[in-house]
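The chain contents come next:
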Amino acid sequence: MHLLNSLFLPIIGAAVLIPVIIHLIWRNKAIRVDFPAMRFLLDSKKPVSRWLRWQQLLLLLMRCLVFALLALMFARPYFSTANLLPIWEQVEKEIVIIFDSSASMQITVHKINARQHLESVLAETSEKSRLTLLLAGRDNKIIIESAQATELTKKLILSKTEPGFGYGNLHSAIRQADNYLNATLNINREIVIISDFQVSNWPRHKREIHLQSKARIRLLRVTGDTGENNTITQIAPPTRPGEDFRAGLDFTPADNTAKLELRLQLAKNTVAQTLVAASINGQKQFAVFKNVPLPLGTQSAGLVFFENDDIFPGDNQFYFVLNQKTRIRVLAINGEKTKGVADELFYLRSALALKNNDFNFSETTPLGTSKMQLRSYDIILLANVRGLDQQSLRQINELVQHGGSVIFAPGDKADIKLFNKFFADLAGCKLLKKAYPEKQTFTGDKLLADDLQHILVQKTFAGQAGTANFYQFWRLKKNDSANRILVFASGYPAVVESTPGNGKSVMLSFPLDSEWSDMPVHTEYLPFVYSLLQYCAPEKHRNPYIFVNDAISLNKSFNLSEDVSITFPDGKVEKKRLLSALFLDTGSPGIYTFSQAGRRQQVAVNIDRRESVMEFENMTAFQAKISTPGEVLAANQLIRAGNFQN
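Below is a short write-up of the structure. (Residues numbered from 1 in each chain as written. Predicted model: local features only at pLDDT ≥ 70, side-chain atom pairs only at ≥ 80, totals over all residues. Heavy atoms only, no water.)

## Structural notes on the sheet that holds strand E31 (residues 590-596)
At step 1: Here we have five strands laid out as an open sheet, ordered E26-E32-E31-E28-E29, and mixed in their pairing. The open sheet has two free edges, formed respectively by strand E26 (546-547) and strand E29 (573-576), since each of these has just one partner strand. (Pairing = 2+ DSSP bridges. Helix = DSSP H or I, 4+ residues; strand = E, 2+ residues; numbered from the N terminus.)

Below, the structure written as structure tokens:
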């Protein structure tokens, strides 16, 4: 047994003396007076007095013990290994196993160590405990929930813990496990994290996570000697005949004279190859394929790859589709759904109903967002929304952090306090008040460009003032990091842009309907809406590929009321009727092909290259990111107990 605060150990001795000192100070000193008539009575009271002395002595010992235990409690004893505390291990526990299923866990040494850690955890778990398995990835999944730790449950867990190809996010997984345990009745809780603790798996904007469940946290690191890893980081196919095909490469072997042979394959045939020399001082390398006869007029799938024995072969190839036109997935949350032109999305819906546009438009209400996977969209538009549930807010924040965009268009349903509490940081500004006590009826403000070079200004107004009249709008107070794109003639911000993550956040001080302006009936409405959505489209829509677990948006030509034939990267063909134009089953890298009655669409899916960065946290650095009133252990050794920041 060890003491966490050994300075309290000397206090134990001093604390035991406190009752003794009090007893000696308050001890009564009686004066002896002999009285003959009381002699026989005193003889009969001697047995009773003897028992009273023993009772007082026992009471004194109990008081000393109370003070000793109090001092021992401040010293905080603990057992360094589980074998020294068999009683604790046999008590029924609620255990959540967070298994990192990101692509980097496919590294051979990581995979072997993860299996050994998992088998060890299951072997020491008694049948009285209950187990929950949470696979940590971009979208965390609870595979087994609060099942009794029988042999059958343990075998099932072992069969479900294979690493995938997606990008990891340990922060959201730990948060989900903490919320789950906090709702359980059993106060004997434990979170076991089996991971390589890759640096990129913790969002840059999340510095620390504070846990509420008071669960004991065990960190089981699987990282071994990593070794060399070479990666194709990006590709740039030609857009015109005669242009070169380029591929970015991270090639830094120990031998600076080494060379790597890259091959370009199209329709399963190798059409070009080139040699790339090793990187000097870690500089990025580029492979150039010259005079490649690529069919630029039709859609065709291919890949760039190399054959090399490194620790992570999953990033040795990069898939692409030439002439792939991906559609931007837009979800509008309608805060005022009614009939006719009074509907908040009436004009926007009409504008996006044009054929052959670049948008896959969907809509829902604030109550319906809890049933939708918000992160499967590219742009979320909050149209006159008063508020959202916590789960939807978290998904929108994660969407922006991963490159998506959010657009705010508040109207008369917006609440100043709610907006500033839940949306201000993401929107890059706060609501102050409405511009006018009552909506103007005759004259209105005009839109002016504040940033003449901004693409939204150039595409919508060509650098000129707008013609629409705004009879009411919200006054905004922008953050220091936000930028004004458009302003009103009165000087107040009209459109504010910020970048809280890898995506964009655009704040409009007016709704997109006709309640506060006549903009929907002016010629600038259509180019404004289209240029705004195109500007907010994620960067990946400019690339001929997407990443694992991203949604595929089917072309409008597909009939969703009929079966669609889907060919997966492993060659498996499946025919089924899709519930929506979004296909979400993209768990493996490769080429996905969709066919229906002569229609054909190919999509390239790759492993997120953040998984190729071989940088891993040590346990001291990782546990510093966790603030908890419980204990944090690594390899069964206590590395922190309690929240020392307080």
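The discussion continues.
## Overview of the sheet that holds strand E11 (residues 259-266)
At step 1: Strands sit in the order E12-E11-E14-E15 across an open sheet of four strands; the sheet is antiparallel. The open sheet has two edge strands, strand E12 (269-277) and strand E15 (317-322), and neither has a second partner. Taking each pair of neighbouring strands and ignoring which way they run, the sheet shows an average axis angle of 20 degrees.
At step 2: Across four bridges, the pairing between E11 and strand E14 (residues 300-305) is antiparallel. Within E14, the position partnered with leucine 264 by the bridge is valine 304. (Axes fitted to C-alpha atoms, helices over the stretch in contact; angles between N-to-C directions.)

## Some details on helix H5 (residues 151-160)
At step 1: For H5, the set of buried residues is Thr153, Lys154, Ile157 and Leu158. One side of H5 carries all its buried residues, which in axial view fall inside an arc of 140 degrees. Looking at H5, the residues exposed on the side facing more than 90 degrees away from the buried face are Leu152 and Lys155.
At step 2: Each element contacted by the buried residues of H5 is listed here: helix H4 (108-123), strand E4 (130-136) and strand E5 (141-148). (Buried < 20%, exposed > 50% of the residue type's maximum accessible area, 1.4 Å probe, protein only. Arc of directions from axis to C-beta. Contact = heavy atoms within 4.5 Å.)

## A closer look at the side chain of glutamine 198
At step 1: Topologically, glutamine 198 is positioned in the loop between strand E6 (189-195) and strand E7 (209-210).
At step 2: For glutamine 198, a relative accessible area of 2% translates into the label buried.
At step 3: Of note is the side chain of glutamine 198, whose polar atom sits 2.8 Å from the backbone oxygen of valine 613.
At step 4: Once residues within four sequence positions are removed from consideration, glutamine 198 is found in contact with Ser104, Arg610, Glu611, Ser612, Val613, Glu615 and Phe616. (Polar contact = N/O pair within 3.5 Å; in protein donor to acceptor, adjacent residues only side chain to side chain.)

## Section: the packing of H4 against H5
At step 1: The contact between H4 and H5 brings their axes to 11 Å, and the two run at 165 degrees. With respect to their mutual orientation, H4 and H5 come out roughly antiparallel. Along this stretch, H4 crosses H5, giving a crossing that reads as right-handed. Here Arg115, Leu118, Glu119 and Leu122 of H4 come into contact with H5, specifically with Lys154, Ile157 and Leu158. (Parallel < 35°, antiparallel > 145°, perpendicular 65-115°, else oblique. Left-handed = near helix turned anticlockwise from the far one by under 90°.)

## Observations regarding the pattern of salt bridges
At step 1: One pass over the structure, following the stated rule, counts 18 salt bridges.
At step 2: A salt bridge links glutamate 162 to lysine 111, with the shortest nitrogen-to-oxygen separation between them at 3.5 Å. In this pair, glutamate 162 is assigned in the loop between H5 and helix H6 (170-182) and lysine 111 in helix H4, connecting sequence segments 51 residues apart.
At step 3: Residue classification places glutamate 162 among the partly exposed positions, given a relative accessible area of 44%.
At step 4: Note on lysine 111: relative accessible area 39%, which makes it partly exposed.
At step 5: Note that arginine 484 is salt-bridged to aspartate 450, the shortest N-O span being 3.3 Å. Of this pair, arginine 484 sits in strand E23 (residues 483-488) while aspartate 450 sits in the loop between strand E21 (447-449) and helix H11 (455-460), and the two are 34 residues apart along the sequence.
At step 6: On the basis of relative accessible area, aspartate 450 is assigned to the partly exposed category, the value being 36%.
At step 7: It is possible to trace a salt-bridge network through shared partners that takes in Lys337, Asp343, Arg349 and Glu363. (Salt bridge = Lys/Arg side-chain N within 4 Å of Asp/Glu carboxyl O.)

## Section: unusual backbone geometry
At step 1: Even without being glycine, serine 146 reaches a positive phi, approximately 45 degrees.
At step 2: In this fold, serine 146 is placed in strand E5.
At step 3: Backbone geometry places asparagine 549, a non-glycine residue, at a positive phi of 75 degrees.
At step 4: With respect to the helices, strands and loops of the structure, asparagine 549 is situated in the loop between E26 and strand E27 (552-553).

## Overview of the pairing of strand E19 (residues 405-409)
At step 1: Counting buried positions over the five residues of E19 gives five, a clear majority of the element.
At step 2: Along E19, one buried face is formed by Ser405, Ile407 and Ala409 and the opposite face, lined by Val406 and Phe408, is buried too.
At step 3: Strand direction decides the pairing type here: strand E18 (residues 379-383) and E19, joined by five bridges, are parallel. Bridge assignment links isoleucine 380 to a residue of E19, and that residue is valine 406.
At step 4: Crossover E18 to E19 through helix H8 (residues 390-401) is right-handed.
At step 5: Of the strand pairs in this sheet, E19 and strand E25 (residues 504-508) are connected by four bridges, and their pairing is parallel. Residue pairing in the sheet places serine 405 in a bridge with lysine 504 of E25. (Right-handed = clockwise from strand over helix to strand, strands pointing away.)

## Focus: the side chain of aspartate 518
At step 1: Along the chain, aspartate 518 falls in the loop between E25 and helix H12 (525-536).
At step 2: Buried and without a salt bridge, aspartate 518 has lysine 446 as its closest oppositely charged side chain, separated by 6.5 Å.
At step 3: Polar contacts involving the side chain of aspartate 518 include one to the main-chain amide nitrogen of asparagine 469, which spans 2.7 Å.
At step 4: Not counting residues up to four positions away in its chain, the partners in contact with aspartate 518 are Ala468, Asn469 and Tyr471. (Lys, Arg positive; Asp, Glu negative; His and termini not counted.)

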